[in-house]
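What the coordinates show
This is what each chain is made of:
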Amino acid sequence: DTGVSQNPRHKITKRGQNVTFRCDPISEHNRLYWYRQTLGQGPEFLTYFQNEAQLEKSRLLSDRFSAERPKGSFSTLEIQRTEQGDSAMYLCASSLAGLGGYGYTFGSGTRLTVV
Amino acid sequence: AQSVAQPEDQVNVAEGNPLTVKCTYSVSGNPYLFWYVQYPNRGLQFLLKYITGDNLVKGSYGFEAEFNKSQTSFHLKKPSALVSDSALYFCAVYSSASKIIFGSGTRLSIRP
């Protein structure tokens, strides 16, 4: 296992289209997190899962955003009706529950550009 | 609410000189603090953490951080900077709601 994998690395889409990103966490990690990072800013928390349960969603996660982790392994983040303001780097991270204080392992991110 | 602040958007240091990247925190209870580094077009890489114990924490790539409870600070330091240390550095705190909150970042630029 080589770490957290995110696909695609880059996505360019037209405004109004739907996009879906995938994250494959470290296999033994039961927690999975999604963050959004805009240029020159720190990552902002979007949502997280413990196994297949989505335990928290940020107010940043509008109703156009939906995340799933159907079998407690990989996760998908879908954005419907994309807007230019959705352009950002979307980062996925994983960790073991109870060891959150030891930090996360991040993937390389998916850079979304909405034109 | 837990938060961290990085007062400097950019820090410029000559290669070979010591560097400090500043971070202050605001938490209730005992803080779990982190530093992460981000290279261009890459995800974040863990550098070091403070949970409990020694106030001087050693991490990857020769970095260390000093936890100061009275000043609510957790500054990142390195005795001798390398050009390859040039990157974006984020201070972060583990919140009581099972997630990590990041600062706004400091761009470190090391000139040869």
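In this report, the structure presented in the accompanying data block is examined. Worth saying up front: this structure is predicted, and the values here are computed from it rather than measured.

Rules behind the numbers
- Residues numbered from 1 in each chain as written.
- Chains lettered and ligands numbered in written order.
- Predicted model: local features only at pLDDT ≥ 70, side-chain atom pairs only at ≥ 80, totals over all residues.
- Heavy atoms only, no water.
- 1 Å grid on protein atoms, 1.4 Å probe; cavity = no way out; pocket = protein on both sides within 12 Å on 5 of 7 lines; lining within 4 Å.
- Points joined across faces, edges and corners; volume = space filled by probe spheres on them.
- Helix = DSSP H or I, 4+ residues; strand = E, 2+ residues; numbered from the N terminus.
- Nonpolar A, V, L, I, M, F, W, Y, C, P; charged D, E, K, R; others polar.
- Pairing = 2+ DSSP bridges.
- Axes fitted to C-alpha atoms, helices over the stretch in contact; angles between N-to-C directions.

Let's talk about the layout of surface pockets
Looking at the largest pocket, its volume works out to about 320 Å³. Lining the largest pocket are 16 residues, and of these E44, F45, S58 and L60 of chain A together with I101 of chain B lie nearest its centre. Listed by contribution, the elements that provide at least two residues to the lining of the largest pocket are β5 (44-50) of chain A together with β11 (100-102) of chain B. For the lining of the largest pocket, the leading source of residues is β11 of chain B, giving three residues. When grouped by side-chain class, the residues that make up the lining of the largest pocket number seven nonpolar, five polar and four charged. Considering the residues around the second largest pocket, the lining is formed by 13 residues, among which L39 and R111 of chain A together with Q38, N41 and L88 of chain B are closest to the centre. Looking at side-chain class alone, the lining of the second largest pocket contains five nonpolar, five polar and three charged residues.

Focus: the sheet that holds strand β1 (residues 5-7) of chain A
Residues and elements named next belong to chain A. Judged by pairing direction, the sheet is antiparallel, and its four strands sit side by side in the order β1-β3-β8-β7 without closing on themselves. If you trace the sheet from one side to the other, it starts and ends with β1 and β7 (65-68), each paired once. Within the sheet, the average angular offset between the axes of one strand and its neighbour, ignoring direction, is 15°. Taken together, the four bridges between β7 and strand β8 (residues 75-79) define a ladder with antiparallel strand orientation. Directly across from S66, in β8, lies its bridge partner E78.

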